[in-house]
Amino acid sequence: MNTPEITVKRREGTGKGIARRLRRAGVVPAILYGGAAPETIAVNPRDVLRIIHGHEGTTQLLSLKVEGDGGARMAIIRDMQFDPVTERLLHVDIQEVRADRAITVRVAVHPVGEAIGVKDTNGILNLVMHEVEVSTLPTNIPERIDADVSSLAIGDVLTVRDLRAPEGVRIINDPGQAVATVSPPMAEEVAPTPEATAAVTPAEPEVLTERKPKEEGAPAEAEGKKAPAAPKKAEAPKKAEKEK
């Protein structure tokens, strides 16, 4: 595989203030691991972005040179931190490696072929796992791990155990983890017809006005009716004439 080169310089001190001064000077703080003790270094962010540009995986083997030292070291970029708003590179972790010692790195998964569930029944291919962890010698780090999805029908799942790693590379993820699936096609939305729209259009609700209750003692004429006549008092019976 292609091994790009990068040159770094040692720096003194740590802390947010020093990190800000380094960034204003056009470099970013970094730490080099793998030696007797971690080393604080500074690196040009353009060099780092150039190395990772177009590389599918997150692990890239590189030739590292430190200003003032003779020769080069074999290293990998272990981690990077970016500003969540500006997406500027803020910090880099670099690890020195040895050619005769296996390391664990992350490698991109690349789907190969056209799934029959996509070709024959318009299914949708979903790549569930974009990277896998592998154990290998630094000089054997593959650029990617191919995932043959051509035999997947709708509902099928391609797992880690179905992947075929190159010789000298061992995938260490759980063999049962899903790598890719094929799901059914999305149902097409049918525009409603005018008749269907009319059938489901709710009728306007009837507006009811509140009727005021009758006030007590209000004359009945207010309702357009005559008031009933008051009942006559029963006449007292006349006293029988005294018999003469």
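The residue numbers shown here count from 1 along each chain, following its written sequence. For a predicted model such as this one, the threshold for reporting local features is a pLDDT of at least 70, and the threshold for listing and counting side-chain atom pairs is 80 or more; totals across whole chains, interfaces and linings nevertheless cover every residue. Side-chain metrics in this entry use all non-hydrogen atoms of the structure; hydrogen atoms and water are not considered.

With respect to helix α1 (residues 16-24)
Think of it in three bands: with a 1.4 Å probe and only protein chains considered, a residue is buried below 20% of the maximum accessible area for its type, exposed above 50%, and partly exposed in between. The numbering of helices and of strands both runs from the N terminus, where a helix is a DSSP run of H or I of at least 4 residues and a strand a run of E of at least 2. Buried within α1 are the following residues: I18, A19 and L22. Down the axis of α1, the sector holding all buried residues measures 100°, keeping them to one side. Turned more than 90 degrees from where α1 packs its buried face, K16, R21 and R24 sit exposed. Taken together, the buried residues of α1 touch β2 (28-33) and β3 (39-43). Immediately downstream of α1, the backbone of G26 shows phi near 95°, a positive value. Note: the arc covers the axis-to-C-beta directions of the helix. Residue contacts follow a heavy-atom distance rule, with two residues in contact if any of their heavy atoms lie within 4.5 Å.

Digging into the sheet that holds strand β9 (residues 131-136)
Paired strands are those between which DSSP finds at least two bridges. The strand order β10-β7-β9-β12 describes an open sheet built from 4 strands, whose pairing is mixed. Looking at the sheet topology across the chains shown, the edges are occupied by β10 (144-148) and β12 (170-171). Looking at chain direction, strand β7 (residues 103-112) and β10 are connected through 5 bridges and run parallel. By the bridge assignment for β10, H110 is matched with D146.

Here's the deal with unusual backbone geometry
Positive phi, normally seen in glycine, also occurs at E87, with a value near 65°. Assignment of secondary structure puts E87 in the loop between β5 (73-82) and β6 (89-96). At N122, a residue that is not glycine, the phi angle is positive and equals roughly 60°. Its location among the elements puts N122 in the loop between α3 (116-119) and β8 (124-127). Using a relative accessible area of 57% as the deciding quantity, one classes N122 as exposed.

As for a positive patch on the surface
Patch definition: residues above 30% relative accessible area lacking any salt bridge, with like charges linked at up to 9 Å and the nonpolar side chains Val, Leu, Ile, Met, Phe, Trp and Tyr linked at up to 5 Å. Note on areas: Shrake-Rupley, 1.4 Å probe, and residue coverage restricted to the protein chains presented here. Here, a salt bridge means any Lys or Arg side-chain nitrogen found within 4 Å of an Asp or Glu carboxyl oxygen. Asp and Glu count as negative and Lys and Arg as positive, but His and the ends of the chain are not part of the count. Every charge is mapped onto a representative atom, which is NZ of Lys, CZ of Arg, CG of Asp or CD of Glu. Taken together, the side chains of K16, R20, R21 and R24 make up a positively charged region of the molecular surface. Classification of R20 by relative accessible area gives partly exposed; the value is 46%.

Brief notes about the pattern of salt bridges
Taken as a whole and judged by the stated rule, the model has 10 salt bridges. Here the salt bridges share partners, and the residues they tie into one network are R10, E39, D69, R73 and E96.

Notes on the confidence of the model for the protein
Each residue carries a pLDDT score, the predictor's confidence in it, ranging from 0 to 100. For the protein, the average pLDDT comes to 80, and 73% of its residues sit at 70 or higher. Least confident of the elements in the protein is helix α4 (residues 194-200), whose mean pLDDT is 58; most confident is strand β11 (residues 157-159), at 97. Contacts of residues 215-227 to residues separated by more than four positions or lying in other chains number 7 contacts, the stretch itself having pLDDT below 50. Note that residues 236-244 has pLDDT below 50 and, in this model, 0 contacts with residues that lie over four places away or in other chains.

Some remarks on the side chain of D93
Counting through the fold element by element, D93 comes out in strand β6. Despite its burial, D93 remains without a salt bridge, the nearest opposite charge being carried by R11 at 7.8 Å. For D93, the contacting residues outside a window of four places in its chain are I31, Y33, I76, I77, R78 and D79.

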